[in-house]
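# Geometric and topological summary
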Amino acid sequence: MCSTLFSGFARRDQRLKAEQYLHGLLTAQGRKSIRNIAAQIGGPAAEQSLHHFISSSTWDWQPMRASLARFLERSGCPQAWVVRPMPIPKAGEHSVGVDRRFDPERGQVFHGQQAFGVWFASDELSAPVNWRLFLPDPWVNDPTRRDRAEVPREAGEETLEECAVAAALDTARWSDVTRKPVLLDIRGGAGRPALSRLAAAGVPVVARIGAGSRLAIADRSLPGFGAGPLPAQQILESLRGLRRPVSWVDTVAGTPTSRTSLATAVRVALPMPAGERMRPLTLLGEWDDPRRGPARVWLSDLTSSPVGSLVRLTKLARRVERDFAAVGEGAGLRDFVGRSFRGWHRHITLASAAHAAKLLAPEGDAAVYGTVTGPGRVPGFASGLAAG
């Protein structure tokens, strides 16, 4: 596998450093800092060498990410791409992109970085293949900060929603990678621009939206047609009588468990500026408690997909959350301690490969790569890494 993953390196010494760094990510105890990684292979001299390889070298991380994506597509059969936000708490002021921001998952303000990962996900496993680091205004508009962190010229202003969408669109540009439906959360954004950008690129989308998002009913046979934009929750509540049970398999808890939700879907359209044609979309609602409002609301351009298929597709976001907590944290996805933009991207690219190796390692490789529990191992990945 190393020969495929590291084929973009022009020099043998770069390939060796990449293998050493990946091995350290898989075996180092505690935080996956360059110092702890170097301790696995040679101490202070190795630390200086690896620091240069990650933070100061010139190699491009994109070919490695594309190679990882192609490998996962062959071995893991992803059903969707899940765009997951990743807050990275930081104590200092100098790490690229650091700022004070709100983490909706924890419901609190934190000091740190914000990144978005594109995860290839199936019912059995998920792994990140591409990343985009969000740069807040204080970093985008401060030449001194940009120079110190070596932020490339093309990195400009964008909203969090635009950053998430751009990560998916960057992934879609890779050759020999089949486009899959993109799952993302746009509850905090404008919605329409994100959906329009993905549609223009031919990338199907299933987007989680807020219950108050305003939509127009597009089915003439349903009450509310012609009434103009209505809140999504109001539309779904008016269709409570059309809810049907949907079965799905919960693979997150360890042992696959059959579960059932109530769900319904309706054809809707986003409000558009005068003169623009309204594009038909599917509004999907899912209930955990039939006496309450819908627990989750999604909007998709997969208008021909059955309700059950859409519900099961949305569950892949749960798979990503499970694998991030169980494997990704330990693989070092949030552990880069340097300050540079390029260093962050190189570290997280190799950490993504380490995450995939841990998930896909056969049982016999546990002694080398750390014990990993759960389904989804595909023989050949970790052993290929060992062979180089």
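Below is a summary of the structure that appears in this document. Just so it is clear, the model here is predicted, and its values are computed rather than measured.

What counts and what doesn't
- Residues numbered from 1 in each chain as written.
- Predicted model: local features only at pLDDT ≥ 70, side-chain atom pairs only at ≥ 80, totals over all residues.
- Heavy atoms only, no water.
- Pairing = 2+ DSSP bridges.
- Helix = DSSP H or I, 4+ residues; strand = E, 2+ residues; numbered from the N terminus.
- Expected span 1.5 Å × (residues − 1).
- Buried < 20%, exposed > 50% of the residue type's maximum accessible area, 1.4 Å probe, protein only.
- Arc of directions from axis to C-beta.
- Contact = heavy atoms within 4.5 Å.
- Axes fitted to C-alpha atoms, helices over the stretch in contact; angles between N-to-C directions.
- Parallel < 35°, antiparallel > 145°, perpendicular 65-115°, else oblique.
- Nonpolar A, V, L, I, M, F, W, Y, C, P; charged D, E, K, R; others polar.
- Bend = angle between axes of the 7 residues up to and from the residue.
- Core = buried A, V, L, I, M, F, W, Y, C linked by side-chain atoms within 4.5 Å.
- Salt bridge = Lys/Arg side-chain N within 4 Å of Asp/Glu carboxyl O.

### Digging into the pairing of strand 5 (residues 182-185)
Side-chain direction in a regular strand flips from residue to residue, so the side chains alternate between the two faces of the sheet. Where strand 1 (residues 80-89) and strand 5 come together, 2 bridges link them in parallel fashion. In the strand pairing of strand 5, Trp81 is matched with Val182. In the sheet, strand 5 pairs with strand 6 (residues 205-208) via 4 bridges, with the strands oriented parallel. Following the sheet pairing, Asp185 is matched in strand 6 by Arg208.

### Brief notes about unusual backbone geometry
Phi is positive for Glu150, close to 55 degrees, though the residue is something other than glycine. Relative to the elements of secondary structure, Glu150 occurs in the loop between helix 7 (143-149) and helix 8 (160-172). In this structure, Asp176 is a non-glycine residue whose phi angle is positive, near 65 degrees. As for its placement among the helices and strands, Asp176 is situated in the loop between helix 8 and strand 5.

### Overview of helix 4 (residues 44-56)
Look at helix 4: 17 Å from first C-alpha to last across 13 residues, which is about the 18 Å you get at 1.5 Å a residue. Looking only at helix 4, the buried set comprises Ala46, Leu50, Phe53, Ile54 and Ser55. Viewed end-on, helix 4 has its buried residues packed into an arc of 165 degrees, placing them on one side of the element. In helix 4, the exposed residues that point more than 90 degrees away from the buried face are Pro44, Ala45 and Gln48. Structurally, helix 4 contributes buried residues whose contacts are with helix 2 (12-27), helix 3 (34-39) and helix 13 (341-360).

### A closer look at the packing of helix 4 against helix 13
Running from amino to carboxyl end, helix 4 crosses helix 13 at an angle of 105 degrees, the nearest separation of the two axes being 7 Å. If you check the angle between helix 4 and helix 13, you find them roughly perpendicular. Along its contact with helix 4, which presents Phe53, Ile54, Ser55 and Ser56, the element helix 13 presents Arg342, Gly343, Arg346, His347 and Leu350. When the residues that make up the contact of helix 4 with helix 13 are grouped by side-chain class, the tally is 3 nonpolar, 4 polar and 2 charged.

### Structural notes on helix 12 (residues 316-331)
Phe324 marks where helix 12 bends most, by close to 45 degrees. Just downstream of helix 12, Gly332 is the residue with a positive phi angle, here 95 degrees.

### Some thoughts on the nonpolar core
One finds Leu184, Leu215, Ile235, Leu283, Leu299 and Leu350 to be the most contacted residues of the largest nonpolar core, which totals 113 residues. Top element by residues in this core is helix 13. It accounts for 11 residues. Setting aside residues up to four positions removed in sequence, Leu283 forms contacts with Ile209, Leu215, Ala232, Ile235, Leu236, Thr264, Ala265, Val266, Val268, Val297, Trp298 and Leu299.

### Quick look at the pattern of salt bridges
One pass over the structure, following the stated rule, counts 18 salt bridges. Of the charged contacts in the structure, one is a salt bridge between Asp170 and Arg173, with a shortest N-O distance of 2.6 Å. Assessed through its relative accessible area of 25%, Asp170 is described here as partly exposed. Judged by its relative accessible area of 60%, Arg173 falls in the exposed class. Close ionic contact of Arg318 with Asp250 constitutes a salt bridge, the shortest N to O distance being 2.8 Å. Here Asp250 lies in strand 9 (residues 244-250) and Arg318 lies in helix 12, a separation of 68 residues in the sequence. What makes Arg318 partly exposed here is its relative accessible area of 33%. Several salt bridges share partner residues, and in doing so they unite Arg132, Glu158, Asp170 and Arg173 into one network.

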